[in-house]
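Residue-level listing of the chains:
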Amino acid sequence: AAREGREQALLGARRRDEIILDVTRRLMSVTDLDALLRLMAEATTDLLAADRATIYLVDQDRGELWSRVALGSDELRFPIGAGISGEVARTGKTINIANAYADPRFLRRFDAATGYRTHNLLTFPMTGQGGAVIGVFQVLNKRDGPFTAEDEETLASLAASAAVAVENAQLIAGQKRLWESLIETLAVTIDARDQ
């Protein structure tokens, strides 16, 4: 029985690793930030057998976190340091909570506004190449009990891949904005000369 249990655990770990590798491959081929984050949120909920996932990006200029993708809810914005996700963005440390309402950092207003009830949650930082937190993953309501250390490892693998993909997508978007600005400046200059 013990041998059979070990074999099942190895098969589960192998399946998880294959899914993470597949998601990572797909992440590296997506350059649209919204599509990329939606893929991450869906993969996270599937892998961790959870209800919902929200991916927050850090807006350094405004000192806020904002949900670019929130499966099951609308966009959310709040200050870095506020709530569980804000605390993870501020400290760069993972927070795994078995009972959300027992933790004073939990922002109940989001549940009140949406009618959703958060039971347990796992919140993990997404760090960029420079080591700064560029985003936060939050996964809500694991279906078969609290999140485990194995879930934390899974989310760590996904977050590492996502950080690279997010930075690449942001770089491409920045280059596109720069290019469009250059084209617009050239068009205005040509219009001004051609009376």
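Residues numbered from 1 in each chain as written. Predicted model: local features only at pLDDT ≥ 70, side-chain atom pairs only at ≥ 80, totals over all residues. Heavy atoms only, no water.

Draft legend 1. Here's a closer look at the overall build of the protein chain. When helices and strands are tallied, the protein chain shows 5 helices and 6 strands. Taken from the N to the C terminus, the helices and strands of the protein chain come in the order α-α-β-β-β-α-β-α-β-β-α. Across the protein chain, the fraction of contacts at a sequence separation of at least 24, relative to all contacts at a separation of at least 6, is 54%. Counting only carbon and sulfur atoms, one obtains 50% of the accessible surface of the protein chain, whose full area is about 11,200 Å². (Helix = DSSP H or I, 4+ residues; strand = E, 2+ residues; numbered from the N terminus. Contact = heavy atoms within 4.5 Å. Areas by Shrake-Rupley, 256 points an atom, 1.4 Å probe, with all protein chains shown as cover.)

Draft legend 2. How the structure looks around the packing of aromatic side chains. Taken as a whole and assessed by the stated rule, the structure comprises 3 aromatic pairs. On the numbers, 5.3 Å between centres and 75° between planes, the contact of Tyr56 with Phe78 is edge-to-face. Of this pair, Tyr56 sits in strand E1 (residues 50–59) while Phe78 sits in strand E3 (residues 77–79); the two residues are 22 residues apart in sequence, bridging distant segments of the chain. Taken as a pair, Tyr56 and Phe78 share a single burial class, namely buried. A ring pair is formed by Phe78 and Phe110, whose centres lie 5.6 Å apart and whose planes are at 50°; its orientation type is tilted. (Phe/Tyr/Trp six-rings, centres within 6.5 Å; stacked < 30°, edge-to-face > 60°. Buried < 20%, exposed > 50% of the residue type's maximum accessible area, 1.4 Å probe, protein only.)

Draft legend 3. Region of interest: the nonpolar core. Within the largest apolar cluster, 21 residues are counted, with the highest numbers of intra-cluster contacts made by Met40, Ile55, Met126, Phe137, Val139, Phe147 and Leu155. Of all the elements in the fold, those that place two or more residues in this core are helix H2 (33–48), E1, strand E5 (121–127), strand E6 (133–142) and helix H5 (149–193). Here this core takes 5 residues from H2, the largest share from any one element. Leu65, Ala89, Tyr101 and Phe106 belong to the second-largest nonpolar core, a separate cluster that totals 18 residues. (Core = buried A, V, L, I, M, F, W, Y, C linked by side-chain atoms within 4.5 Å.)

Draft legend 4. Spatial organisation of empty space enclosed by the protein. Within this structure, the stated rule accounts for 1 cavity of 30 Å³ or more. Counted as a void, the largest cavity has a volume near 260 Å³. Lining the largest cavity are 21 residues, and of these Tyr56, Leu76, Phe110, Gln138 and Leu140 lie nearest its centre. Of the residues in the lining of the largest cavity, the class split is 11 nonpolar, 7 polar and 3 charged. (1 Å grid on protein atoms, 1.4 Å probe; cavity = no way out; pocket = protein on both sides within 12 Å on 5 of 7 lines; lining within 4 Å. Points joined across faces, edges and corners; volume = space filled by probe spheres on them. Nonpolar A, V, L, I, M, F, W, Y, C, P; charged D, E, K, R; others polar.)

Draft legend 5. Fine view of unusual backbone geometry. A positive phi is found at Ala49, a non-glycine position, where the angle reads about 50°. In this structure, Ala49 sits in the loop between H2 and E1. Judged by its relative accessible area of 26%, Ala49 falls in the partly exposed class. One non-glycine residue, Asn141, lies in positive phi territory at about 55°. Counting through the fold element by element, Asn141 comes out in strand E6. Residue classification places Asn141 among the buried positions, given a relative accessible area of 6%.

Draft legend 6. Representation of the environment of Leu155 within the structure. Assignment of secondary structure puts Leu155 in helix H5. With 17 residues separating them in the primary sequence, Leu155 and Gln138 have C-alpha atoms 9.5 Å apart.

Just geometry here; none of it tells us what the structure is for.
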